[in-house]
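Structural description and commentary
So you can see what is in the structure, the chains are spelled out below.
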Amino acid sequence: MTKDMKGMEKMIKPALEKFMKESGFVKKEELDKAVERIDSLENRLAELEKN
């Protein structure tokens, strides 16, 4: 299941970032925080898969 989630995230993340940047709804600082959070969650998933 984590593989499926990771695959979906890889497809969605770039599209979401592009939309958020172009839409003007989100400030760059907020987007950077969201991207950092996503990266953090990706790292956690990777750690869980190792165990």
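Everything that follows concerns the structure shown earlier in this document.
Let me sum up the structure you'll find in this document. Fair warning: this is a prediction, and the values are worked out from it, not measured in the lab. Positions within a chain are numbered from 1, following the residues in the order the chain's sequence is written. With the structure being a predicted model, the display of local features is reserved for residues of pLDDT at least 70 and the display and counting of side-chain atom pairs for 80 or more, all residues being used for whole-chain, interface and lining totals. The basis for the side-chain values is all heavy atoms of the structure; hydrogens and waters are excluded.

1. Thoughts on the overall build of the protein chain
Quick reminder of the rule: Under the DSSP-based scheme used, a helix requires at least four consecutive residues in state H or I and a strand at least two consecutive residues in state E, with every element numbered from the N terminus. The globule rule used for comparison is 2.2 Å times the number of residues to the exponent 0.38, while the radius of gyration itself is calculated over C-alpha atoms. We call a residue buried when its accessible area falls under 20% of the maximum for its residue type, exposed when it is over 50%, and partly exposed in between, using a 1.4 Å probe and counting protein chains only. The charge count treats Lys and Arg as positive and Asp and Glu as negative. His and the chain ends do not count. All charge positions are set by atom: Lys at NZ, Arg at CZ, Asp at CG, Glu at CD.
The helix and strand inventory of the protein chain stands at two helices and zero strands. At 13 Å, the protein chain has a C-alpha radius of gyration far larger than the 10 Å of a compact globule built from 51 residues. Across its three principal axes, the protein chain shows a C-alpha extent of roughly 40 × 20 × 10 Å. Within the span of the protein chain, comprising 51 residues, buried residues form 14% of the whole. Averaged over its 12 positive side-chain charges, the protein chain has a centre that lies 1 Å from the centre of its 12 negative ones.

2. A few points about the pattern of salt bridges
Note the following rule: Any Lys or Arg side-chain nitrogen located within 4 Å of an Asp or Glu carboxyl oxygen qualifies as a salt bridge.
Evaluation of the coordinates by the stated rule reveals three salt bridges. With its nearest N and O atoms 3.9 Å apart, the salt bridge here joins Lys13 to Glu42. One end of the pair, Lys13, is in helix H1 (residues 2–23); the other, Glu42, is in helix H2 (residues 28–50), and 29 residues separate them in sequence. The exposure class assigned to Lys13 is buried, which follows from its relative accessible area of 17%. The residue Glu47 makes a salt bridge to Lys50 at a minimum N-O spacing of 3.7 Å. One end of the pair, Glu47, and the other, Lys50, are both in helix H2, three residues apart, so they sit about a helical turn from each other. You can call Glu47 partly exposed: its relative accessible area is 45%.

3. Comments concerning a nonpolar patch on the surface
The cut-off we apply is this: Any residue with relative accessible area above 30% and no salt bridge may belong to a patch, with like charges joined within 9 Å and the nonpolar Val, Leu, Ile, Met, Phe, Trp and Tyr side chains within 5 Å. Areas reported here follow the Shrake-Rupley algorithm with a probe of radius 1.4 Å; residue values treat only the protein chains shown as occluding.
A cluster of nonpolar residues, Met5, Met8, Met11, Ile12, Leu16, Phe19 and Phe25, forms a patch on the protein surface that exposes about 800 Å² of accessible area. As for its position among the elements, Ile12 is in helix H1.

4. Things to note about the side chain of Lys13
Spelled out, the test is: Nitrogen and oxygen atoms within 3.5 Å of one another constitute a polar contact, given that in protein one can donate a hydrogen and the other can accept it, and given that sequence-neighbouring residues count only through two side-chain atoms. Should any heavy atoms of two residues lie within 4.5 Å, those residues are considered in contact.
A polar contact is formed between the side chain of Lys13 and the side chain of Asp39, at a distance of 2.6 Å. Beyond its immediate chain neighbours, meaning those up to four positions away, Lys13 contacts Val35, Ile38, Asp39 and Glu42.

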